[in-house]
Amino acid sequence: MCESPGCRLQGEYRAPFARDRLDQYRWFCLDHVRDYNKKWDYFAGLDAGEIERHIRADTTWRRPVWPLGGRRNGGPQIHDPLGLSEEAGLNEKPPPRMDGSEQLTPAERNAMGVLELSWPTTRADVKSRYKELVKIHHPDANGGAREAEEKLKEINVAYSTLRASEHLPVE
């Protein structure tokens, strides 16, 4: 029978008994279960902090959690050879550089490294450094050494990359 007072219809529809007893049910007819469900509030009697804790616990299916790589709160020690854990400073990112170098392409950054230049630099600085490195690594200055020839090729490619760059100031 329906649990609503005065109702004599069959109680075919179940409704939760209470927040702390979700495995127990009350049985109502269709009209009364609809009315009961409209009025029932799972979080009734809880303050905002308790509701927030309840929601946070549900995000992990109420299972224990701990920081990656740490032994805090009894968590397991995880072997982290790459240093990706929180303790290795994963969350400590350096502030982004806003000096103009963020516009450089990876090829331009590589070329700056080959020419041993740092940002900020100008086209005149690039040309001057290129001339210095050519004098040092030219095969004629190194007795025709194969290593010097390869290094010179690398320097030439880097210089061509930076010379074609739109990101370097003229002066």
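Located above this text is the structure these notes cover.
As the structure is a prediction and not an experimental result, all values here were calculated from the model.

Caption draft 1: Quick look at the pairing of strand 2 (residues 21-28). Sheet analysis places strand 1 (residues 13-18) next to strand 2, joined by five bridges and oriented antiparallel. By the bridge assignment, Arg 14 is partnered in strand 2 with Trp 27.

Caption draft 2: The arrangement of the pattern of salt bridges in detail. Going through the model one piece at a time under the given rule, you end up with nine salt bridges. Note that Asp 35 is salt-bridged to Lys 39, the shortest N-O span being 3.2 Å. Taken as a pair, Asp 35 and Lys 39 lie in helix 1 (residues 30-39) at a separation of four residues, close to a single helical turn. What makes Lys 39 exposed here is its relative accessible area of 63%. Residues Arg 146 and Glu 149 are paired through a salt bridge, measuring 3.3 Å at the closest nitrogen-oxygen approach. Pair noted here: Arg 146 and Glu 149 are both in helix 5 (residues 146-163), with a separation of three residues, about one helical turn. Of the residues examined, Glu 149 reaches a relative accessible area of 28% and is grouped as partly exposed.

Caption draft 3: Looking closely at the nonpolar core. If you look at the biggest cluster of nonpolar residues, it comprises 17 residues, and the most contacted ones within it are Leu 115, Val 126, Ile 155 and Leu 162. Residue assignment for this core shows that the elements contributing at least two residues are helix 3 (106-114), helix 4 (123-137) and helix 5. Considering every element that reaches this core, the biggest residue donor is helix 5, with five residues. Once residues lying within four places of it in the same chain are set aside, the contact partners of Val 126 are Leu 115, Leu 117, Thr 121, Tyr 159, Leu 162 and Leu 168. Residues Cys 7, Phe 28, Val 33 and Tyr 36 belong to the second largest nonpolar core, which totals seven residues.

Caption draft 4: Just the packing of helix 3 against helix 5, in detail. At their nearest, the axes of helix 3 and helix 5 sit 9 Å apart, and the two run at 130° to each other. Considering their axes alone, helix 3 and helix 5 lie oblique with respect to each other. Like other packed secondary-structure pairs, helix 3 and helix 5 cross with a definite hand, here left-handed. Only Lys 151, Glu 154, Ile 155, Ala 158, Thr 161 and Leu 162 of helix 5 make contact with helix 3, whose side of the interface consists of Ala 107, Glu 108, Ala 111, Met 112 and Val 114. Residue composition of the contact of helix 3 with helix 5, by class: seven nonpolar, one polar and three charged.

Caption draft 5: Summary view of the environment of Tyr 36. By the secondary structure assignment, Tyr 36 is in helix 1. On the basis of relative accessible area, Tyr 36 is assigned to the buried category, the value being 16%. Placed 32 residues apart in sequence, Tyr 36 and Ser 4 show a C-alpha to C-alpha distance of 9.2 Å. Sequence-distant contacts of Tyr 36, that is, excluding residues within four places in its chain, are made with Ala 15, Pro 16, Phe 17, Arg 26 and Phe 28.

Caption draft 6: Here's a closer look at helix 2 (residues 48-59). Taking 1.5 Å as the rise per residue, helix 2 with twelve residues should run 16 Å; its terminal C-alpha atoms sit 17 Å apart, in good agreement. Two or three places before Gly 49, at the start of helix 2, stands the capping residue Asp 47, its side-chain oxygen 3.2 Å from that residue's backbone nitrogen. Two residues or fewer after helix 2 comes Trp 61, characterised by a positive phi angle close to 55°.

Criteria and thresholds
- Residues numbered from 1 in each chain as written.
- Predicted model: local features only at pLDDT ≥ 70, side-chain atom pairs only at ≥ 80, totals over all residues.
- Heavy atoms only, no water.
- Pairing = 2+ DSSP bridges.
- Helix = DSSP H or I, 4+ residues; strand = E, 2+ residues; numbered from the N terminus.
- Salt bridge = Lys/Arg side-chain N within 4 Å of Asp/Glu carboxyl O.
- Buried < 20%, exposed > 50% of the residue type's maximum accessible area, 1.4 Å probe, protein only.
- Core = buried A, V, L, I, M, F, W, Y, C linked by side-chain atoms within 4.5 Å.
- Contact = heavy atoms within 4.5 Å.
- Axes fitted to C-alpha atoms, helices over the stretch in contact; angles between N-to-C directions.
- Parallel < 35°, antiparallel > 145°, perpendicular 65-115°, else oblique.
- Left-handed = near helix turned anticlockwise from the far one by under 90°.
- Nonpolar A, V, L, I, M, F, W, Y, C, P; charged D, E, K, R; others polar.
- Expected span 1.5 Å × (residues − 1).
- Polar contact = N/O pair within 3.5 Å; in protein donor to acceptor, adjacent residues only side chain to side chain.

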